[in-house]
Structure formats: C-alpha cells, structure tokens
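Chain residues, written in single-letter form:
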Amino acid sequence: MILQTNNLTKSFGSRKAVDGLNLEIPEGAVYGFLGPNGSGKSTTIRMMTALISPDEGEVFIQGKSVQSLGNDALGQVGALIEKSDFYKHLSGTTNIEMLARMDGTDFSRVQFVLERTGLANRGKDKVKTYSQGMKQRLGIAQALLSKPKLLILDEPTNGLDPQGMKEVRDLIGELSSEGIAIFISSHLLDEVQKMCSHVAMISLGKLITNGKVNDILTNAGFVMIEVLVDQLEKAQDLLKSLEWIGHVDIIDEALRVSLEKDRISGLVQFLVQNELKVSAVIPRTSLEDLYLSMVGRERII
C-alpha cells in the first residue's frame, strides 16, 4: 500500500468531521474518495498532507508516518488541494519556475511538467488567458515537480466544463499508466467512475464502503432501474409503501428505483396490478446509485 490511514479522526468543536477512517490505497491505483460536500473529504486530505493534525490516528505513506516525520514522509507526494491558485499576470512558465525555485527543484523539470500536462505551447502566455481546465492542468504540473509516486488531487474537475473535465480525466489516465498512484477526492460520482480503479465512499466522516469499482458494483445487493410508467406520482407513492423498495425518485419523466436484484419482476407486477402501464424497465446502476441507496439523495449537495 502506498498510503494508509489508521483510525483517522478530526473534530471541529462538537462536529466530528472525520470519524475513525481506515483507508488502504494500493500502489498504482487511481483511487476515488467520494462523498458530498461536507462529508470530510478535504479534512482528510489536509491530514494526509500535514496541513492539519488529527485528533486521533495516523497517516502512513510508503510506511512512513506523516504525523511523526512530516516532509520526510511527503517527499514523493504531489498535491493539488482545491482550486489551483497562480499569479494571473505572470506566464504559466514563470509561475512554475517560481515554485521550482522555492522547492529547490532543477529548472529542467519545469519544461517537462508543462509538456506532460499539455501546456508547453502556452507556457509563455499569462495565466489570466488560460481556461479553467488549463489552470487545473497547471496545478497538476506544479504537483508533478517533485517526481511524485503519489498524486493527491482534491476536486480536480470541480467547476470545469465538459471539455475541461475530459482534459483532466485523460491526463489522470496517462499519469496512472506511467505508474503514479493517484488519490482523487470528489463529489462528482459519475466522473470518478470514469477515472478510478478503486473507490472509498464516506458520509458524515465515516467510511461506508471501499474496494475495486467493478467489485463494488458487482457485489452490491441491489440494482437501480429506470421505470417508464404512466401516472408517475401515483406510481412513486405506491412504491414508497413497499419495504423492499429503497429509494424512489422522479427524474427526467421516469421513476428511478433502487431495489433488491430479484425483485424487478415483482415491481412490474405490482404496478400492473394497480392499473399502471409500464412501458420499459432500464438498468441504471452506477456509483451514484450505490451511494444514494446507502445515504439518500438529501446528502448529495
């Protein structure tokens, strides 16, 4: 494991932001850390990178304690925490050179990281001319200066348009193929499903589930289906009365329903018996559906 957390706990006043969190991130993984805003993701990352101290527990990177050894444990870690922030009146190259000078990094590394993030041809342009996606890639370039074996990214695609999301997603895939382990915190569950090999889901600071993405979806004890039916509100009210139905929502003129895998035919039969016309049942299981089945839509912010 390249990163482990052991009983990681942090409170702010009476609110427990992170509660006994145990994670194991394998070498080479693209590991999604999922949860709504306020679930404890950023607090966890700040403890991982020694920006704040835990009340209890410890973080280990390549077996070294971050809390005991500080920078000695973080030597091969690159991080982009929340929104990237640069001097907008300076060029991308100048910004990265300034950071390299502060860290004692050889300037030959500057051009390499700009090329690696697809910014070499815009390096001389001022950052104020960059799109938001380019600024995020510049932030990742800064995180790559230290030749990291582990890259920690906090909400790397938040606030980006679809093109910017794709650019960052493609870059993460390329860096992973080069052997860099990547830890991605996000509340955008669909984006994480496209990028990650492993995930952990948290709610209110507690771990809900973790493991390989495919295993989690395959082994889930439920399915999420989309039901095309007339009289949507009547159908929703009827299904809410059934104890074997999880969540029922009306989305895009259809019912989105979570239920046990072997109950689909029973659901259709129930609706037909109640004089409702069912025109289609479409499987829709995803990480977002799994999260909703466990914590409910009201916690997705």
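Structure: above.
This structure is a prediction, so every number in the text was calculated from the model and none was measured.

What follows deals with the nonpolar core. Counting 41 residues, the largest nonpolar core has Ile 96, Ile 140 and Leu 151 as its most contacted members. Contact partners of Ile 140, with chain neighbours within four places excluded, come to Leu 80, Thr 117, Leu 151, Leu 153, Val 168, Leu 171 and Leu 175. With 25 residues, the next largest nonpolar core counts Met 48, Val 77, Ile 152 and Ala 200 among its residues.

Three or more residues of helix α10 (residues 264-273) are buried, namely Leu 267, Phe 270 and Leu 271. For α10, the angular spread of the buried residues around the axis is 95°, confining them to a single face. For α10, the exposed residues set more than 90 degrees away from the buried face come down to Ser 265 and Gln 273. Buried residues along α10 sit in contact with β11 (223-229), α9 (232-240), β12 (245-251), β13 (254-259) and β14 (278-283). After α10 finishes, the residue Glu 275 shows a positive phi value of roughly 60°.

Turning our attention to the environment of Leu 119. For Leu 119, the location among the structural elements is in the loop between α4 (108-116) and α5 (132-143). Dropping the residues within four chain positions of it, Leu 119 is found in contact with Leu 114, Met 134, Arg 137 and Leu 138.

Strand pairing in a sheet is mediated by backbone hydrogen bonds. Such pairs are either parallel or antiparallel. If you trace the four strands from one edge of the open sheet to the other, you get β2-β1-β4-β5, paired in antiparallel fashion. Two strands close off the open sheet at either side, each with one partner strand: β2 (15-25) and β5 (64-65). Where strand β1 (residues 3-12) lies against β2, seven bridges are found, and the strand directions are antiparallel. In the sheet register, Thr 5 faces β2, and the bridge partner there is Leu 23. Across the sheet, helix α1 (residues 41-48) touches β1, β2 and β4 (56-61), and the angle it forms with β1 is around 120°.

Glancing now at the packing of α9 against α10. The relative placement of two packed helices is expressed as an angle between their axes plus a distance between the axes. Remark: α9 packs on α10, axes separated minimally by 11 Å, with the N-to-C direction vectors making an angle of 125°. Overall, the two elements α9 and α10 adopt an arrangement that is oblique. Every pair of crossing elements has a handedness; the one defined by α9 and α10 is right-handed. Along the contact surface, α9 presents Ala 235, Leu 238 and Leu 239, while α10 presents Leu 267, Phe 270 and Leu 271.

Thresholds applied
- Numbering of residues starts from 1 in every chain and runs along the sequence as written.
- Residues qualify for local features only when their pLDDT is at least 70, as the model is predicted, and side-chain atom pairs are given and counted only at 80 or more; totals for whole chains, interfaces and linings, by contrast, use all residues.
- Each side-chain value is worked out from all heavy atoms of the structure, with water and hydrogens disregarded.
- Residue types Ala, Val, Leu, Ile, Met, Phe, Trp, Tyr and Cys, when buried and joined through side-chain atoms within 4.5 Å, form a set referred to as a nonpolar core.
- For every residue, the accessible area obtained with a 1.4 Å probe (protein chains only) is divided by the maximum for its type, and the residue is called buried under 20%, exposed over 50%, and partly exposed between those limits.
- We call two residues in contact when some of their heavy atoms are within 4.5 Å.
- Helix and strand assignments come from DSSP, with helices taken as H or I runs of at least 4 residues and strands as E runs of at least 2, each series counted from the N terminus.
- By definition, the arc is the one covered by directions from the helix axis to the C-beta atoms.
- Any two strands with at least two DSSP-identified bridges between them are counted as paired.
- Where helices are involved, their axes are fitted lines through C-alpha atoms of the stretch in contact, as for all axes, and angles between N-to-C directions lie from 0 to 180°.
- Roughly parallel means an angle under 35 degrees; roughly antiparallel, over 145; roughly perpendicular, 65 to 115; everything else is oblique.
- Throughout, a crossing is termed right-handed when the near helix is turned clockwise from the far one, and left-handed when it is turned anticlockwise from it by less than a right angle.

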